[in-house]
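Close look at the chain arrangement
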Amino acid sequence: MTEIAQLFESALRQNRATLLRKAAINTVARMPATTKLSELLSSEAGASIRQLSISELREALGALVPTRAARPAASAAAPASEGEGAANGAGEAREVQVYKQILTAIEDEPLTIGQLAKRIDCDIAELRGYLAWMKKMGKIDSSGRARATRYHKPAGT
């Protein structure tokens, strides 16, 4: 009986550690780009952030790259047509190009991730990251579940 209790306790500890690690990664991913490392480490999530590996920290900070790259593109393209930017992709970062291509593709109709991948020639795994970030930032919305999930512009835009 004690072995079973120990197994459950071990599983709960692992689950808690995983949840704390995910929370730390989300905290780093959502922080403003101007946040100082000292501020981050002194926050409530500081202990969990200290437990992250370098690769996990890199993954979390990778979420900031499209944020910084997409902001100028979004502000420059918003008043005019967002579709114009896809043709101007000469000197832009890949993240900005994909961001603009996604917005252009879903302009007329909601699309699944597979349909988007075909239209913008992007790997589904990579596209999933862009879509998750764009949805979190309120740039796009989705409806449906699982394979029937369709991405579209939010209502009122």
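The present account deals with the structure reproduced in this document. Just so it is clear, the structure is predicted and the values come from calculations on it, not from any experiment. One numbering rule holds for all chains: residues counted from 1, following each sequence as written. Reporting of local features is limited, given that this is a predicted model, to residues whose pLDDT is at least 70; pairs of side-chain atoms are given and counted only at 80 or more, and all residues count toward the totals for whole chains, interfaces and linings. Here the side-chain values reflect all heavy atoms present in the structure, with hydrogen atoms and water set aside.

**Structural notes on the pattern of salt bridges**
To keep it simple, the criterion reads: Any carboxyl oxygen of Asp or Glu within 4 Å of a side-chain nitrogen of Lys or Arg constitutes a salt bridge here. Per the convention used, a helix needs a DSSP run of H or I reaching at least four residues, while a strand needs a run of E reaching at least two, with both numbered from the N terminus. Any residue under 20% of the maximum accessible area for its type is buried, any over 50% is exposed, and the rest in between are partly exposed; the area is computed with a 1.4 Å probe on protein chains only.
Inspection of every chain in the model, using the stated rule, returns 3 salt bridges. Residue Glu126 is joined to Arg94 by a salt bridge in which the shortest nitrogen-to-oxygen separation is 3.0 Å. You can see Glu126 sitting in helix α8 (residues 124–136) and its partner Arg94 sitting in helix α6 (residues 94–105), a full 32 residues away along the chain. We classify Glu126 as partly exposed; its relative accessible area is 29%. Between Lys153 and Glu107 there is a salt bridge whose closest N-O contact spans 3.8 Å. Placement of Lys153 in the segment after β2 (150–152) and of Glu107 in the loop between α6 and α7 (113–120) is noted, with a sequence separation of 46 residues between them.

**Regarding the packing of α7 against α8**
The line we're drawing: Note on geometry: axes are lines fitted to C-alpha atoms, helical ones only across the stretch in contact, with angles between N-to-C directions running from 0 to 180 degrees. By definition in this entry, angles of less than 35 degrees are roughly parallel, angles greater than 145 are roughly antiparallel, angles of 65 to 115 are roughly perpendicular, and the rest are oblique. A contact between two residues is defined here by any heavy atoms of the two lying within 4.5 Å. As a working rule, the residues Ala, Val, Leu, Ile, Met, Phe, Trp, Tyr, Cys and Pro are called nonpolar, Asp, Glu, Lys and Arg charged, and the rest polar, with Gly in that last group.
Between α7 and α8, the least distance of the axes is 10 Å, while the angle of their chain directions is 110°. The orientation of α7 with respect to α8, classified from their angle, is roughly perpendicular. Contacts between α7 and α8 involve Ile113, Gly114, Leu116, Ala117 and Ile120 from the first element and Ile124, Leu127, Arg128 and Leu131 from the second. Of the residues that constitute the contact of α7 with α8, the class distribution is 7 nonpolar, 1 polar and 1 charged.

**A look at helix α1 (residues 2–30)**
In plain terms, the rule: In this analysis, the expected span of each helix is defined as 1.5 Å times one less than the number of residues it contains.
Given a rise of 1.5 Å per residue, 29 residues ought to cover 42 Å, and the 42 Å separating the end C-alpha atoms of α1 matches this to within 8%. The complete set of buried residues in α1 reads Ala24, Ile25, Val28 and Ala29.

**Here we look at the nonpolar core**
Selection criterion: In these notes, a set of buried Ala, Val, Leu, Ile, Met, Phe, Trp, Tyr and Cys residues joined through side-chain atoms within 4.5 Å is what counts as a nonpolar core.
By size, the foremost hydrophobic cluster in this structure holds 19 residues, and its most contacted members are Ile102, Leu116, Leu127, Leu131, Met134 and Ile140. Ignoring sequence-local partners within four residues, the contact set of Leu131 consists of Ile102, Ile113, Leu116, Ile140 and Tyr151.

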